[in-house]
Amino acid sequence: QVQLVESGGGLVQAGGSLRLSCAASRSIFAIGSMGWYRQIPGKQREMVATITRTGSTNYADSVRGRFTISRDNAKNTVYLQMNSLKPEDTAVYYCNKVQPAYAYTNNDWGQGTQVTVSL
């Protein structure tokens, strides 16, 4: 089964930028569509962005225009470029194959990477 490892999180000031990486243990082309999700403290997990094998993207309204999801199938890696970060972006960010909403509350999401945006 594929293993996904998120990295790149950290502490940044509002208005700053950060790039997250998701390294997969096998072909993400074979997996298909991938996504970034986040869990804000005290809230349920939510979709941030998704991308198909060929590059079609979808974004949550809260991040559209600020975040960019991309993928490098040859490197088996998915990225999330985050610009103009806001304190409300503070969350644990997870990557996964695309998930239906009913799966957002499952407990098999891996470690994730913490992003903290300060004022």
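Up top is the structure.
What you see is a predicted model; the values in this text were computed from it and never measured. (Residues numbered from 1 in each chain as written. Predicted model: local features only at pLDDT ≥ 70, side-chain atom pairs only at ≥ 80, totals over all residues. Heavy atoms only, no water.)

J.: What am I meant to see in the nonpolar core here?
T.: Burial of nonpolar side chains together is a common tendency in soluble globular proteins. Core analysis: the biggest nonpolar cluster contains 27 residues, and W36, L80, M82 and Y93 have the highest contact counts within it. Elements with a contribution of two residues or more to this core: β3 (18-24), α1 (28-31), β4 (34-39), β5 (46-51), β7 (67-72), β8 (77-82), β9 (91-97) and β10 (113-118). It is β3 that provides the largest number of residues to this core, a total of 4 residues. (Core = buried A, V, L, I, M, F, W, Y, C linked by side-chain atoms within 4.5 Å. Buried < 20%, exposed > 50% of the residue type's maximum accessible area, 1.4 Å probe, protein only. Helix = DSSP H or I, 4+ residues; strand = E, 2+ residues; numbered from the N terminus.)

J.: Is there a simple way to think about the pattern of salt bridges in this case?
T.: Within this structure, the stated rule accounts for 4 salt bridges. For D61, the salt bridge goes to R64, with nearest N and O atoms at 2.5 Å. Classification of D61 as exposed rests on a relative accessible area of 65%. Residue class for R64 comes out partly exposed when judged on its relative accessible area of 46%. D89 is paired through a salt bridge with R66; the nearest N and O atoms lie 2.8 Å apart. Here the residue D89 occupies a position in the loop between β8 and β9, and R66 occupies one in the loop between β6 (57-59) and β7, the gap between them amounting to 23 residues. Judged on exposure class, the residue D89 and its partner R66 are both buried. Overlapping salt bridges, with partners in common, bring together R38, E46, R66 and D89 in one network. (Salt bridge = Lys/Arg side-chain N within 4 Å of Asp/Glu carboxyl O.)

J.: Mind showing me how you'd approach the packing of aromatic side chains here?
T.: How two aromatic rings sit relative to each other is given by the distance of their centres and the angle of their planes. On inspection of all chains with the given rule, the structure shows 3 aromatic pairs. Ring centres of Y37 and Y104 lie 5.4 Å apart, and the angle between their planes is 65 degrees; this geometry places the pair in the edge-to-face category. With Y37 in strand β4 and Y104 in the loop between β9 and β10, this pair connects stretches of sequence that are 67 residues apart. For the pair Y37 and Y104, a shared accessibility class is recorded, and that class is buried. Taken together, a centroid distance of 6.1 Å and an interplanar angle of 75 degrees make the contact between Y94 and W109 edge-to-face. Taken together, the residues span a long stretch of sequence, with Y94 in strand β9 and W109 in the loop between β9 and β10 at a distance of 15 residues. Across the pair, exposure class does not vary: Y94 and W109 are buried alike. (Phe/Tyr/Trp six-rings, centres within 6.5 Å; stacked < 30°, edge-to-face > 60°.)

J.: Before we go on, may I ask you to explain the state of the cysteines in this structure?
T.: Cysteine pairs can be linked by a disulfide, which is a covalent bond between their two sulfur atoms. For the coordinates displayed, the defined rule picks out 1 disulfide. Paired by a disulfide, C22 and C95 hold their sulfur atoms 1.8 Å apart. Here the disulfide of C22 and C95 is right-handed, its torsion about the S-S bond being about 55 degrees. Taken as a pair, C22 in strand β3 and C95 in strand β9 lie far apart in primary sequence, 73 residues in all. Judged by relative accessible area, C22 falls into the buried class, the value being 0%. (Disulfide = S-S within 2.5 Å.)

Spatial relationships are all this shows, so hold off on functional conclusions.
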